[in-house]
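An overview of the molecular structure
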There are 2 protein chains.
Amino acid sequence: MSKDKQFVKEITPQQEDFSRWYIDTITKAELMSYSPVRGCVVLRPDGYEIWELIQRELDARFKETGHRNAYFPLFIPESFFQKEKEHVEGFNPELPWVTEAGGEKLEERLAIRPTSETMIGHMYANWIQSYRDLPVLINQWANVVRWEKRTLPFLRTTEFLWQEGHTAHEDEADARRETMQMLEVYREFAENVLAIPVIVGQKTPSEKFAGAVDTYSIEAMMRDGKAVQAGTSHYLGTNFAQAFNIQYLDRENKQQYVHTTSWGVSTRLIGALIMVHGDDRGLVLPPKVAPLQAVMIPIGPPKTREQVLKRTDELFAELKRAGIRVKVDDRDQSPGWKFNEYEMRGVPVRIELGPRDLDNGVVVLVSRVSGEKRTVEQANIVEEVRKMLEENHKLMYERALKFRDEHMTDVDSLDEFRSFLEEKRGFALAGWCGSDACERQVKEETGATSRNIPFEPKVRKSACLVCGAPAAHTVVFGRSY
Amino acid sequence: MSKDKQFVKEITPQQEDFSRWYIDTITKAELMSYSPVRGCVVLRPDGYEIWELIQRELDARFKETGHRNAYFPLFIPESFFQKEKEHVEGFNPELPWVTEAGGEKLEERLAIRPTSETMIGHMYANWIQSYRDLPVLINQWANVVRWEKRTLPFLRTTEFLWQEGHTAHEDEADARRETMQMLEVYREFAENVLAIPVIVGQKTPSEKFAGAVDTYSIEAMMRDGKAVQAGTSHYLGTNFAQAFNIQYLDRENKQQYVHTTSWGVSTRLIGALIMVHGDDRGLVLPPKVAPLQAVMIPIGPPKTREQVLKRTDELFAELKRAGIRVKVDDRDQSPGWKFNEYEMRGVPVRIELGPRDLDNGVVVLVSRVSGEKRTVEQANIVEEVRKMLEENHKLMYERALKFRDEHMTDVDSLDEFRSFLEEKRGFALAGWCGSDACERQVKEETGATSRNIPFEPKVRKSACLVCGAPAAHTVVFGRSY
């Protein structure tokens, strides 16, 4: 037993204190540990493997859509940030600076990248000459750093892992097509891989990325009713092209600025999937990114142990050959202890095999999501486990969608919104006149911010919830991580 | 055409200037670009994809041997370096320091990690309590930074990508078994994946890792006769366990220090494989890590173009389905121009298809390694391409081994070594008494350093090449990158 575990006796129930439930769960399940550097965590093997599985799924989608990976420097010269005005204002307060290296003071301070638009813009200016070089479709898997005041494991850490796509195009139409394509990749991934229903839409001007023309996002609802921005895709127009002089000779032999995009998701997705699916027994992992999809637990008295273990090992080999991430736990602890342990760790399917099952040629599958116990033929074990994994995914998605629907309403006034937040928590759809002032007032009076302007709102509102003027948009508001 | 390419007209022949050949080749083949940060390069898609393929191969081997990946912070508090005396002396001169962040001066400076023994040691002290927690077998894929005075793309850059394995064990025997196991993983990988023959052995005390008890390495010979240390595996004893207080309760209920190991390879492997295999026409990529394994070039007059392209596309689909990394180049440039282009880029197999081949049901395969042209049945294209890829790997390995054998000798004196280096370049096997002074004198008078004490030297020498005293070891000496 690790020292970390000693300090976590029980998982605090979600209703009692959601934040404590979250920390208890991720610590006890050994997904992460706090590090000695403020705001930085260690991703332990079970946490990091979720990220590896996320990477594998996303990377395949990026490559299918024509992107290739590359790697750019961690350090960004201070002067680069000065070139795009909004960008520097947005990121400057969060930058860590390297001022000394190799025993000497540096002539120009180097920032640790918070995102790489500037460095990549500089390189694209060297690489791109003619329309024949376009589009440039590059993604980077990397660590980035933002010196955050308040941190929370996975959701907001000083250093985090992410991917950042950066593309350059001949014209606005092509760049906007890319922006929307990657937003759709994120939506499809969130729903089909993480089993997280998301609201797809456009950020309001005050919430967009520093330096973007338009920012789009997918937003998910956690089980405490708060929002997590799970992915963003930006149309950057020619802002960075002008700042870094990324020009190309077009088909009419004229110099033009490229239009660029960027898009990213990060390890905060791990935090999101935990807060969307977890319950009072601990983690509930989406089968497609669960490091362990099934655990086999042999049961019964010592005298039948050898026989049971032999058959367990055979079935284990069969499942493994079929590509299912599975292990056998034949340690000395009691079956009951093990059941709790793997439930806490969120393993989608438990497989129990005892002496009577041996006689009958069956095993018992238990779903982490529904708790259902299912006796199935050993001969069909691969397809039965696959079936339960698929069912679990579907159940998790539906449960999350139902929860979100139950915690989402439409409101006509700030008062109505406030009482909804007090009674029920969640998101509200509301009309918004489009002014920064009204948006700010919502935040001040409710703590909620505009999440996005959804492409497909359930209702359309006609008046601003603050000032009552005609609504320019129907917006999703919610408190957020 | 990119701006970078404009500046590279021809590749300098290796004999004329090997360093220029190297830079010409990696620039023209678009593996990398210089970045605006001193000593940092950008890994462009064709360079980064080699790294991705290296990662995939190594990662599978790490997991097969029971390791899991994790991720630790980029930042290391200054006080951590003070805890292991040799370690701080070895790395302090190369550290970049973050002194300001989030608009404030930091109380304690943070180093950017040059390697993670200290941070990981600190975490292991928290995680490990009992012998039941051992062994801990963790690997990290990460960026690290060392502020180098002289840099060379891939081989020595300020920031580079690598993997670092860090394991903790109950006793010396188990830790030493791990150290040697990972060294063997590196040897097998270098030879079977990169087609690079390596000399496996132990580093002399002056060349070992700062903080290690023993360091082992694989050493490769470049085509200019110089050495590249391609991978290292360290037995760290209880040095870091004592520095970070990593103790466990053993089977007799007594507190013991763990024994740790670390082992790593980096993006310098990309530099090594280029310098081992490349020739005057450019890159020659080992088939297993070539981003493109085969390129299809349709040839013949415009009137047969459509027909040829149609068949090319069918064969392309077949190769792709078989998992071969292949593309069709149907651009307007002449076949001759394309042949040169893909030879320069090191693509292992060229597939030519013209109207006459269409009639005969054949295609022509051309090997990048031997230049051999082989007319094969279209019906057998997958197995014929696979065969040529395998043959290429074998030829490359044999050619590199032959080159190394021709550039390796044994010497009895410093004079003999000096004249060998002048006439022929390469490695020398020599006796060494074991004193630092003699080792230093070799370096001062020849520019060569001890590469390692090979496990299987071709000859065993009886006297020290410097002082003539009885040899404690037979050592490989060579100039190195």
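Model, not experiment: these values are computed from the prediction.

What follows concerns the overall build of chain A. Within chain A, the regular secondary structure consists of 15 helices and 23 strands. For 481 residues, the compact-globule formula gives about 23 Å, and the C-alpha radius of gyration of chain A, at 25 Å, lands near that figure. Each principal axis of the C-alpha distribution contributes one length, and for chain A these read about 80 × 55 × 50 Å. When burial is assessed residue by residue, chain A has 60% of its 481 residues classed as buried. Excluding contacts between residues fewer than 6 apart, the proportion of contacts in chain A whose partners are at least 24 apart in sequence is 69%. Approximately 19,400 Å² of chain A is accessible, and the part contributed by carbon and sulfur atoms is 46%. Here chain A contributes 65 positive and 74 negative side-chain charges, whose respective centroids are spaced 3 Å apart.

Right, let's get into the relation of the copies chain A and chain B. For the pair chain A and chain B, the best superposition has an RMSD of 0.0 Å and corresponds to a rotation of 180° with a translation of 0.0 Å parallel to the axis. Those values place the two copies in the arrangement expected of a two-fold rotation axis. When each C-alpha of chain A is compared by its distance to the rotation axis, Val98(A) comes out closest, at 2.1 Å.

Take the nonpolar core next. Core analysis: the biggest nonpolar cluster contains 85 residues, and Phe75(A) and Phe75(B) have the highest contact counts within it. Discounting chain neighbours no more than four positions away, the residues touching Phe75(A) are Val98(A), Leu110(A), Ala111(A), Ile112(A), Met119(A), Val37(B), Cys40(B), Pro96(B), Ile112(B), Val145(B) and Trp147(B).

This part covers the packing of aromatic side chains. Describing an aromatic ring pair means giving the distance of the ring centres and the angle of the ring planes. Residue and element names in this part refer to chain B. Within this structure, the stated rule accounts for 26 aromatic pairs over all chains. Measuring from centroid to centroid gives 6.2 Å for Phe-417 and Phe-477, while their planes differ by 55°, and the two rings are tilted. With a gap of 60 residues between them, Phe-417 in helix α14 (residues 414-423) and Phe-477 in strand β23 (residues 473-478) connect regions that are remote in the sequence. When its relative accessible area of 0% is taken as the criterion, Phe-417 is described as buried.

In this complex, chain A contributes 63 residues to the contact, which on the side of chain B involves 63 residues. The contact between chain A and chain B buries some 5,100 Å² in all, and 58% of this surface belongs to carbon and sulfur atoms. Residue Arg68(B) is joined to Glu49(A) by a salt bridge in which the shortest nitrogen-to-oxygen separation is 2.6 Å. If you look at where chain A meets chain B, you find 28 residue pairs in polar contact (both at pLDDT 80 or more). At 7 residues, helix α3 (residues 45-64) of chain A tops the list of elements feeding residues into the side of chain A that touches chain B. When its residues are assigned to classes, the side of chain A that touches chain B shows 37 nonpolar, 12 polar and 14 charged. Across 5 bridges, the pairing between strand β5 (residues 96-101) of chain A and strand β5 (residues 96-101) of chain B is antiparallel. Looking at the pairing, Glu100(A) lines up with Trp97(B) of β5(B).

Bringing the UniProt feature "domain: Aminoacyl-transfer RNA synthetases class-II family profile" (unreviewed entry) in chain A into the picture now. UniProt's entry tags residues 38-286 of chain A with the feature "domain: Aminoacyl-transfer RNA synthetases class-II family profile" (unreviewed entry), counted in the numbering of this structure. Taken end to end, residues 38-286 of chain A comprises 32% helix and 33% strand; its first and last C-alpha atoms sit 30 Å apart.

For the rest of this paragraph, the subject is empty space enclosed by the protein. Gaps left between atoms show up when a probe the size of a water molecule is rolled over them. One pass over the full model with this rule turns up 9 cavities of 30 Å³ or more. Of the volumes computed, that of the largest cavity is approximately 100 Å³. Along its surface, the largest cavity is lined by Tyr71(A), Val41(B), Leu43(B), Phe154(B), Thr157(B), Glu159(B), Phe160(B), Leu161(B) and Thr267(B). When residues of the lining of the largest cavity are assigned to their parent elements, the largest contribution, 3 residues, is made by strand β8 (residues 159-169) of chain B. Classifying every residue of the lining of the largest cavity gives 6 nonpolar, 2 polar and 1 charged.

Our next topic: the packing of helix α3 (residues 45-64) of chain B against helix α7 (residues 172-192) of chain B. Residues and elements named next belong to chain B. Between α3 and α7, the least distance of the axes is 11 Å, while the angle of their chain directions is 145°. Of the two elements, α3 crosses α7, and the hand of that crossing is right-handed. Note on element contacts: α7 touches α3 through Met-182, Val-185, Tyr-186, Glu-188 and Phe-189, opposite Ile-54, Glu-57, Leu-58, Arg-61 and Phe-62. For the contact of α3 with α7, a count of residues per class yields 7 nonpolar, no polar and 3 charged.

Time to look at unusual backbone geometry. Cis geometry marks the peptide bond from Leu134(A) to Pro135(A); its omega dihedral reads -5°. For Pro135(A), the position within the fold is in the loop between α6 (117-127) and β7 (136-145). Unusually for a residue other than glycine, Ala195(B) sits at a positive phi of about 60°. Topologically, Ala195(B) is positioned in the loop between α7 and β9 (199-202). The exposure class of Ala195(B) is buried, given its relative accessible area of 0%.

Residue and element names in this part refer to chain A. As assigned here, chain A comprises domain 1 (3-277), domain 2 (292-403) and domain 3 (408-478). Its C-alpha centre places domain 1 at a distance of 27 Å from the equivalent point of domain 3. Contact with domain 1, which involves 22 residues of that partner, is made by 15 residues of domain 3. For the domain 1 face of the interface with domain 3, the top three residues by lost area are Ile-199, Thr-204 and Met-221, together amounting to 31%. At the surface where domain 1 touches domain 3, the tally comes to 1 salt bridge. A salt bridge links Arg-451 to Glu-219, with the shortest nitrogen-to-oxygen separation between them at 3.1 Å. Taken together, domain 1 and domain 3 are joined by 10 residue pairs in polar contact (both at pLDDT 80 or more).

Further remarks concern the sheet that holds strand β15 (residues 294-298) of chain A. All names here are of chain A. Judged by pairing direction, the sheet is mixed, and its 5 strands sit side by side in the order β16-β15-β17-β18-β19 without closing on themselves. At either end of the open sheet lies a strand with only one pairing partner, and these are β16 (326-328) and β19 (373-377). Neighbour to neighbour, the strand axes of the sheet diverge by 25° on average, direction disregarded. Pairing of strand β18 (residues 362-367) with β19 involves 5 bridges; the strand directions are antiparallel. Bridged to Val-366 within β19 is Lys-373. The strands touched by helix α11 (residues 335-344) are β15, β16 and β17 (349-353); relative to β15, the strand with the most contacts, the crossing angle is about 175°.

Any two side chains of opposite charge can pair, given that their charged atoms come close. Enumeration over the complete set of coordinates arrives at 82 salt bridges over all chains. Glu184(B) is the salt-bridge partner of Arg187(B), the closest N and O atoms lying 2.7 Å from each other. Taken together, the positions of Arg187(B) and Glu184(B), both in helix α7 and 3 residues apart, correspond to about one turn of that helix. On the basis of relative accessible area, Glu184(B) is assigned to the partly exposed category, the value being 39%. Here the salt bridges share partners, and the residues they tie into one network are Asp279(A), Arg281(A), Glu343(A), Arg350(A), Glu352(A), Arg368(A) and Lys373(A).

Residues and elements named next belong to chain A. Running from amino to carboxyl end, helix α2 (residues 18-28) crosses helix α9 (residues 268-277) at an angle of 115°, the nearest separation of the two axes being 11 Å. In the packing of α2 onto α9, the handedness of the crossing is right-handed. In this structure, α2 uses Phe-18, Trp-21, Tyr-22 and Ile-26 to contact α9, whose residues at the interface are Gly-271, Ile-274 and Met-275. For the contact of α2 with α9, a count of residues per class yields 6 nonpolar, 1 polar and no charged.

Side-chain positions along a regular strand alternate between the two faces of the sheet. Residue and element names in this part refer to chain B. Of all the 6 residues making up strand β21 (residues 427-432), 6 are buried; the element is thus mostly covered by neighbouring parts of the structure. In β21, alternate side chains face the same way, and those of Phe-427, Leu-429 and Gly-431 on one face and Ala-428, Ala-430 and Trp-432 on the other are all buried. Of the strand pairs in this sheet, strand β20 (residues 408-411) and β21 are connected by 4 bridges, and their pairing is parallel. Its bridge partner lying in β21, Asp-410 is registered against Leu-429. Handedness of the crossover joining β20 and β21 through α14: right-handed. In this sheet, β23 lies alongside β21 in antiparallel orientation, the contact comprising 5 bridges. Considered in β23, the bridge of Gly-431 is made with Thr-474.

The subject of this paragraph is the environment of Asp279(B). Residue and element names in this part refer to chain B. Tracing the sequence through the fold places Asp-279 in the loop between α9 (268-277) and β15 (294-298). Classification of Asp-279 as buried rests on a relative accessible area of 16%. Along the primary structure Asp-279 and Thr-25 are separated by 254 residues, whereas in three dimensions their C-alpha atoms are 9.4 Å apart. Those residues within four positions of Asp-279 in sequence are excluded, and the remaining contacts are Gln-14, Trp-21, Val-284 and Arg-368. In this structure the side chain of Asp-279 is engaged in a polar contact, spanning 2.8 Å, whose partner is the side chain of Arg-368.

What counts, and at which threshold
- Residues numbered from 1 in each chain as written.
- Chains lettered and ligands numbered in written order.
- Predicted model: local features only at pLDDT ≥ 70, side-chain atom pairs only at ≥ 80, totals over all residues.
- Heavy atoms only, no water.
- Helix = DSSP H or I, 4+ residues; strand = E, 2+ residues; numbered from the N terminus.
- Rg over C-alpha atoms; globule rule 2.2 N^0.38 Å.
- Buried < 20%, exposed > 50% of the residue type's maximum accessible area, 1.4 Å probe, protein only.
- Contact = heavy atoms within 4.5 Å.
- Areas by Shrake-Rupley, 256 points an atom, 1.4 Å probe, with all protein chains shown as cover.
- Lys, Arg positive; Asp, Glu negative; His and termini not counted.
- Charge placed at Lys NZ, Arg CZ, Asp CG, Glu CD.
- Least-squares fit on C-alpha atoms with pLDDT ≥ 70 in both.
- Core = buried A, V, L, I, M, F, W, Y, C linked by side-chain atoms within 4.5 Å.
- Phe/Tyr/Trp six-rings, centres within 6.5 Å; stacked < 30°, edge-to-face > 60°.
- Buried area = accessible area lost by both parts, 1.4 Å probe.
- Salt bridge = Lys/Arg side-chain N within 4 Å of Asp/Glu carboxyl O.
- Polar contact = N/O pair within 3.5 Å; in protein donor to acceptor, adjacent residues only side chain to side chain.
- Nonpolar A, V, L, I, M, F, W, Y, C, P; charged D, E, K, R; others polar.
- Pairing = 2+ DSSP bridges.
- UniProt positions renumbered as here; feature names shortened; annotations may be inferred.
- 1 Å grid on protein atoms, 1.4 Å probe; cavity = no way out; pocket = protein on both sides within 12 Å on 5 of 7 lines; lining within 4 Å.
- Points joined across faces, edges and corners; volume = space filled by probe spheres on them.
- Axes fitted to C-alpha atoms, helices over the stretch in contact; angles between N-to-C directions.
- Left-handed = near helix turned anticlockwise from the far one by under 90°.
- Domains from an automatic or database assignment.
- Right-handed = clockwise from strand over helix to strand, strands pointing away.

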